[in-house]
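In case you want the letters, here they are:
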Amino acid sequence: MEVKIESSWKALLQDEFDKEYFAKLTDFVRNEYRLKSIFPPASLIFNAFDQCPFDNVKVIILGQDPYHGDSQAHGLCFSVNDGIAFPPSLLNIFKEINRDLGLQLPVSGNLIRWANQGVLLLNATLTVEAHVAGSHQGHGWETFTDAVIQKIAANKEHLVFMLWGSYAQKKAEFIDAKRHLILKSVHPSPLSAYRGFIGNNHFSLANKYLIDNGLKAINW
């Protein structure tokens, strides 16, 4: 199947695109966009990959679903478009960066600046119906993104995986902890952020690991 995605990812993932489950997923997603309001815009479904080519990946942050509010989602987990108010989880991420690294809260919640430095901001499900959380779960996206995680972990070394919340932490089974750094904590949502996300030091730990392995730190 022909998928419009950044070339290095296309080479890595073509075997997934050719599988039967992906054809069924594509049919489902196309029909959803035709009949309903779906986020992100169709041209941005693979934005996380387009903004962070495979060869550049250093850090992987895993989310679950795109934001389902108007004008929020643009294909990068936890990120929102310029000019959009910070969702609660993103605000808590910025609060931890402030506490951990002393960096001031940014003006924009658009995390393309991270993606362009090698942070893959990957949602487990890449599309969602407007205002219906979790509506595209169970249709094949998780099979695809699990394969992405496995292929990244197998084909690179010295990556940092930030796994926040029980859903993301389950993905650790795909990752060799001897080759990569796996950072786990509770989710940054308001329900759990003050039970271990705030104070997890993940951003300084990630940068130390990258530097220790001869890689450039992320400007969070």
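Residues numbered from 1 in each chain as written. Predicted model: local features only at pLDDT ≥ 70, side-chain atom pairs only at ≥ 80, totals over all residues. Heavy atoms only, no water.

**Student:** Looking at this structure, how should I read helix H1 (residues 7–17)?
**Tutor:** Helical periodicity: at 3.6 residues per turn, an α-helix aligns residues three or four positions apart in one direction. Every buried residue belonging to H1 is among Ser8, Trp9, Lys10, Leu12, Leu13, Glu16 and Phe17, and all of these are buried. Buried-residue contacts for H1 involve helix H2 (20–35), helix H3 (47–51), strand E3 (119–123) and helix H6 (141–155). (Buried < 20%, exposed > 50% of the residue type's maximum accessible area, 1.4 Å probe, protein only. Helix = DSSP H or I, 4+ residues; strand = E, 2+ residues; numbered from the N terminus. Contact = heavy atoms within 4.5 Å.)

**Student:** I tried to follow unusual backbone geometry on my own but got confused; where do I start?
**Tutor:** For residues that are not glycine, phi is negative in most cases, and the peptide bond is trans in most cases. For the peptide bond that leads from Phe39 to Pro40, omega is -10 degrees, which places it in the cis range. With respect to the helices, strands and loops of the structure, Pro40 is situated in the loop between strand E1 (38–39) and H3. Of note in the backbone geometry, His131 takes a positive phi value of approximately 65 degrees without being a glycine. The topology assignment puts His131 in the loop between strand E4 (128–129) and H6. Located in the positive-phi region is His158, a residue other than glycine, with phi close to 60 degrees.

**Student:** I would appreciate a short explanation of the side chain of Ser79 in the present structure.
**Tutor:** Tracing the sequence through the fold places Ser79 in the loop between strand E2 (59–63) and helix H4 (88–101). From its side chain, Ser79 meets the backbone oxygen of Gly109 in a polar contact 3.4 Å long. If near-sequence neighbours (up to four positions away) are discounted, Ser79 is found in contact with Tyr67, Gln72, His74, Gly109, Asn110 and Leu111. (Polar contact = N/O pair within 3.5 Å; in protein donor to acceptor, adjacent residues only side chain to side chain.)

**Student:** Can you help me understand the packing of H1 against H6 in this one?
**Tutor:** Two quantities define a packed helix pair, namely the angle between the axes and the distance from one axis to the other. Taken N-terminus to C-terminus, the directions of H1 and H6 make an angle of 135 degrees; their axes are 11 Å apart at the nearest point. Put simply, H1 runs oblique to H6. Where H1 crosses over H6, the two elements pack in a sense that is right-handed. Contacts from Trp9, Leu12, Leu13, Asp15, Glu16 and Phe17 of H1 reach H6 at Phe144, Ala147, Val148, Lys151, Ile152 and Asn155. A breakdown of the residues in the contact of H1 with H6 according to their chemical character gives eight nonpolar, one polar and three charged. (Axes fitted to C-alpha atoms, helices over the stretch in contact; angles between N-to-C directions. Parallel < 35°, antiparallel > 145°, perpendicular 65-115°, else oblique. Left-handed = near helix turned anticlockwise from the far one by under 90°. Nonpolar A, V, L, I, M, F, W, Y, C, P; charged D, E, K, R; others polar.)

**Student:** It is not clear to me how the sheet that holds strand E6 (residues 181–185) should be interpreted in this structure. Could you clarify?
**Tutor:** In any sheet, the strands associate via hydrogen bonds between backbone groups, in a parallel or an antiparallel arrangement. Strand order in the open sheet formed by four strands is E3-E2-E5-E6, and the pairing between neighbours is parallel. Of all the strands in the sheet, just E3 and E6 have a single pairing partner and so form its edges. Mean inter-strand twist for the sheet, computed between neighbouring axes without regard to direction, equals 20 degrees. Of the pairings in the sheet, the one linking strand E5 (residues 160–164) to E6 comprises five bridges and is parallel in character. Among the inter-strand pairings, Phe161 is bridged to a residue of E6, identified as Ile182. (Pairing = 2+ DSSP bridges.)

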